Number of protein chains: 2
Amino acid sequence: MASPAYTDAIMLFGDSLTQAWSDGSLSQRMAEYYLRRCDIVSRGFGGYNSDWAIPVFEQVFATKEAREKGYAQNVKLITIWLGANDATLPGEPQCVPLDRYKSNLVKLVQLIRDPSSAYHSPDTKIVLINAPPIIEDAWVEARIEKWKSFGSTGPKPEQNRDKAVTKAYAEAAIEVAKEQKVEIVDVWTAIVETAGGEGAEQLAPYFYDGLHLTSEGYAVLFKALSSLIITKYPKLNPETMPMRMPHWADVDLKNPQEAFDKVQNGRLAGEL
Amino acid sequence: MASPAYTDAIMLFGDSLTQAWSDGSLSQRMAEYYLRRCDIVSRGFGGYNSDWAIPVFEQVFATKEAREKGYAQNVKLITIWLGANDATLPGEPQCVPLDRYKSNLVKLVQLIRDPSSAYHSPDTKIVLINAPPIIEDAWVEARIEKWKSFGSTGPKPEQNRDKAVTKAYAEAAIEVAKEQKVEIVDVWTAIVETAGGEGAEQLAPYFYDGLHLTSEGYAVLFKALSSLIITKYPKLNPETMPMRMPHWADVDLKNPQEAFDKVQNGRLAGEL
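The structure displayed is predicted, hence computed values, not measured ones.

S.K.: Mind laying out the overall build of chain A, listing which residues take part and the relevant values?
M.R.: A count of helices and strands for chain A gives eleven helices and five strands. Dimensions of chain A along its principal axes, counting C-alpha atoms only, are 70 × 40 × 40 Å. Residue burial in chain A is summarised as follows: out of 272 residues, 58% are buried. Taking all contacts inside chain A whose residues are at least 6 apart in sequence as the whole, residues at least 24 apart take part in 75%.

S.K.: Explain the packing of aromatic side chains to me, and be specific about the residues and the numbers.
M.R.: All names here are of chain A. The final tally for this structure, using the stated rule, is 19 aromatic pairs over all chains. Ring centres of Phe 45 and Tyr 48 lie 5.5 Å apart, and the angle between their planes is 35°; on these two criteria the pair is classed as tilted. For the pair Phe 45 and Tyr 48, a shared accessibility class is recorded, and that class is buried. Ring centres of Phe 57 and Phe 61 lie 4.8 Å apart, and the angle between their planes is 15°; this geometry places the pair in the stacked category.

S.K.: Quick one: what's the story with the UniProt feature "domain: SGNH hydrolase-type esterase" (unreviewed entry) in chain A, residue by residue and with numbers?
M.R.: Here, the residues flagged by UniProt with the feature "domain: SGNH hydrolase-type esterase" (unreviewed entry) are residues 12-220 of chain A. With 45% helix and 12% strand, residues 12-220 of chain A has its two end C-alpha atoms placed 17 Å apart.

S.K.: An account of the sheet that holds strand β1 (residues 8-14) of chain A is needed here, citing residue identities and associated values.
M.R.: Residues and elements named next belong to chain A. On the basis of which strands lie adjacent, the open sheet formed by five strands has the order β2-β1-β3-β4-β5 and parallel pairing. Edge positions in the sheet fall to β2 (39-44) and β5 (183-185), since each of these pairs with one other strand and no more. Geometrically, the sheet is characterised by an average inter-axis angle of 20° between neighbouring strands, direction not taken into account. Judged from the six bridges that link them, β1 and β2 form a sheet pairing that is parallel. If you follow Gly 14 over to β2, its bridge partner there is Gly 44. Packed onto the sheet, helix α7 (residues 163-180) meets β4 (125-129) and β5 and runs at close to 160° relative to β5.

S.K.: Can you explain the sheet that holds strand β4 (residues 125-129) of chain B? Please cite residues and give values.
M.R.: All names here are of chain B. Spatially, β2-β1-β3-β4-β5 is the arrangement adopted by the five strands of the open sheet, whose pairing is parallel. If you trace the sheet from one side to the other, it starts and ends with β2 (39-44) and β5 (183-185), each paired once. On average, each strand axis in the sheet is tilted by 20° relative to the strand beside it, whichever way the strands run. Here strand β1 (residues 8-14) runs beside strand β3 (residues 74-81); their pairing, made up of seven bridges, is parallel. Each bridged residue has a counterpart across the sheet, and for Phe 13 the counterpart in β3 is Ile 80.

S.K.: Describe the state of the cysteines, listing the residues and the values that go with them.
M.R.: Per the counting criterion, the structure on display carries zero disulfides over all chains. You can see Cys 38 of chain A has no disulfide; the closest cysteine sulfur is in Cys 38 of chain B, sitting 20 Å from it.

S.K.: Can you tell me about unusual backbone geometry, naming the residues and giving the values?
M.R.: Of note in this structure, Met 245 of chain A is not a glycine but carries a positive phi near 70°. Inspection of the secondary structure puts Met 245 of chain A in the loop between α10 (215-232) and α11 (256-261). The exposure class assigned to Met 245 of chain A is buried, which follows from its relative accessible area of 4%. The phi dihedral of Lys 181 of chain B is positive, around 55°, even though this residue is not glycine. Positionally, Lys 181 of chain B belongs in the loop between α7 (163-180) and β5. Using a relative accessible area of 69% as the deciding quantity, one classes Lys 181 of chain B as exposed.

S.K.: Tell me about the environment of Val 176 of chain B, and please be specific about residues and values.
M.R.: Residues and elements named next belong to chain B. Within the secondary structure, Val 176 sits in helix α7. Residue classification places Val 176 among the buried positions, given a relative accessible area of 0%. Considering only alpha carbons, one finds Val 176 and Leu 105, 71 residues apart in sequence, at a separation of 7.2 Å. Every residue in contact with Val 176, bar those within four places of it in the chain, is listed here: Lys 102, Leu 105, Val 106 and Leu 128.

S.K.: Quick one: what's the story with helix α6 (residues 136-149) of chain B, residue by residue and with numbers?
M.R.: Taking 1.5 Å as the rise per residue, α6 of chain B with 14 residues should run 20 Å; its terminal C-alpha atoms sit 20 Å apart, in good agreement. Directly beyond the C-terminal end of α6 of chain B, a positive phi value near 60° is found at Gly 151 of chain B.

S.K.: Could you give an account of the side chain of Ser 42 of chain B, with specific residues and numbers?
M.R.: All names here are of chain B. If you trace the backbone, Ser 42 turns up in strand β2. A distance of 3.4 Å separates the side chain of Ser 42 from the backbone oxygen of Thr 18, its partner in a polar contact. Side-chain polar atoms of Ser 42 contact the side chain of Ser 27, separated by 3.0 Å. Excluding residues within four positions of it along the chain, Ser 42 makes contact with Leu 12, Thr 18, Gln 19, Trp 21 and Ser 27.

S.K.: Describe the packing of helix α2 (residues 26-33) of chain A against α10 of chain A, naming the residues involved and giving the relevant values.
M.R.: Residues and elements named next belong to chain A. Packing of α2 against α10 brings their axes to within 9 Å, and their N-to-C directions diverge by 45°. In this view, α2 runs oblique relative to α10, as classed from their interaxial angle. Judged by the twist between their axes, the crossing of α2 over α10 is right-handed. Where α2 abuts α10, its residues Leu 26, Arg 29, Met 30 and Tyr 33 lie against Ser 215, Tyr 218, Ala 219, Leu 221, Phe 222, Leu 225, Ser 226, Ile 229 and Ile 230. Residues of the contact of α2 with α10, tallied by class, amount to ten nonpolar, two polar and one charged.

S.K.: Go over the nonpolar core, please, and point to the residues and values.
M.R.: Core analysis: the largest hydrophobic core is formed by 78 residues, its most contacted members being Met 30 of chain A together with Met 30 of chain B. Ignoring anything within four residues of it in the chain, the contact list for Met 30 of chain B reads Ile 10, Leu 12, Ile 40, Phe 222, Leu 225 and Ile 229 of chain B.

S.K.: Tell me about the pairing of β4 of chain B, residues and numbers included.
M.R.: Residues and elements named next belong to chain B. With respect to burial, β4 is a largely interior element, four of its five residues being buried. Relative to β4, β3 runs parallel, the two sharing five bridges. Looking at the pairing, Trp 81 lines up with Ile 129 of β4. Regarding the hand of the β-α-β motif, the stretch spanning β3, helix α5 (residues 98-113) and β4 is right-handed. Two strands pair when backbone bridges link them, and β4 and β5 are joined in this way by three bridges, in the parallel orientation. Each bridged residue has a counterpart across the sheet, and for Val 127 the counterpart in β5 is Glu 183.

Conventions we followed
Residues numbered from 1 in each chain as written. Chains lettered and ligands numbered in written order. Predicted model: local features only at pLDDT ≥ 70, side-chain atom pairs only at ≥ 80, totals over all residues. Heavy atoms only, no water. Helix = DSSP H or I, 4+ residues; strand = E, 2+ residues; numbered from the N terminus. Buried < 20%, exposed > 50% of the residue type's maximum accessible area, 1.4 Å probe, protein only. Contact = heavy atoms within 4.5 Å. Phe/Tyr/Trp six-rings, centres within 6.5 Å; stacked < 30°, edge-to-face > 60°. UniProt positions renumbered as here; feature names shortened; annotations may be inferred. Pairing = 2+ DSSP bridges. Axes fitted to C-alpha atoms, helices over the stretch in contact; angles between N-to-C directions. Disulfide = S-S within 2.5 Å. Expected span 1.5 Å × (residues − 1). Polar contact = N/O pair within 3.5 Å; in protein donor to acceptor, adjacent residues only side chain to side chain. Parallel < 35°, antiparallel > 145°, perpendicular 65-115°, else oblique. Left-handed = near helix turned anticlockwise from the far one by under 90°. Nonpolar A, V, L, I, M, F, W, Y, C, P; charged D, E, K, R; others polar. Core = buried A, V, L, I, M, F, W, Y, C linked by side-chain atoms within 4.5 Å. Right-handed = clockwise from strand over helix to strand, strands pointing away.

Dropping the structure here:
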């Protein structure tokens, strides 16, 4: 553990939409929101689909045994945000058929929920996030621009996504959440409603390349996610979570050591 | 460990200047710079001075024993950024006399360097960062504004800092770095040179309240820190560090599992 005295974490798991640590990204917003409350562990893997997410999950999520022995942080909440790449068109390397996408999401949920799973973690709240809408023309243009800027000699990129197809994956994630009784942030709908429609011009402020979110796009997601957390999991409201180490003004100047001896968040066994 | 397969980390240790996870903060910039290379573990404690930093360090830095048993991430590099609060004027609760500030920095370095220390970590590169300049008028105005906005009935805040005093602490940190043979980012000088002087108007873009850095201020620090890392510790240049999990386009579609079985960064013993 690099993080003794920080036994709690929130893990963000997914693809490039999760991977970003840019200004205004989900990771940055969550890290600022949970400042000195708990670590934000970002485990986003650009381009990954739900097929590849399963073996990766098994490497980035601590086993039950490790956690019970106190070697692992408690993941109080995990966001699982997949689908944008699964929804590439049939024949594309990232494409995962809709039914398998759904069963993969179920598998990920069950890896955490199922008592017989090596990764069983009953205290981890699970929040799915579905695929946001896309702007088709902007996306294919961005692909072609990238291809040009790399001076690639390969074939000119063509469209590899379709908004209606992505929407089907976004809706499928909602179905999985209902079936599995886990929460979901329906970021598709949140963005479309905030944008006032699904048109390219309406969606433009929320995407920088037709697929990936701008800070404004992440703001819509963050608002929905933080509201969900406060409503459904009030113990994870950062305003009521104990701060790691006392506020400096609460340190007894005559006996400062005492303040730091009271570690509010426990210590991991592995920290010795 | 919430972060199996991420055995390496960079720890940012210090006061409020380190604590920030805002857009353009040191933490955000470092997390984006080391995207999928290693975790950025931010351990900033607003208002803390070097006296209080020592017991806190002993709680947030893993012991040698924990690390050797594989329960702890390897902290490849730590930034220690203290002094801004030590330099408050005598009589202020955060004030630490200059000599003790220096000996506290030495103690922190030795906690990592000294083979007999419980926190001995010979592979951890140590980079000190000194206190940046301040804008005295802006700082006392910000204190008064905060006091007003809280509707406080306590005495009106007065000036509790002095630029020349802070400069003495900034210079002291440079002396400690030389004596202890550790690297330092002289952010005082970097900001003054970038600003073109120490005047209030010149420094204004780099501070939002006369003490804490804007994104522009952090940009100066980040440029200096990343240059230092690349020059002095080329193995920690993120461009040459292996990416955690393969690039999606390198996944063998016929045998994807194989790609994920090769964990490039080892596994922690505690992960089981």
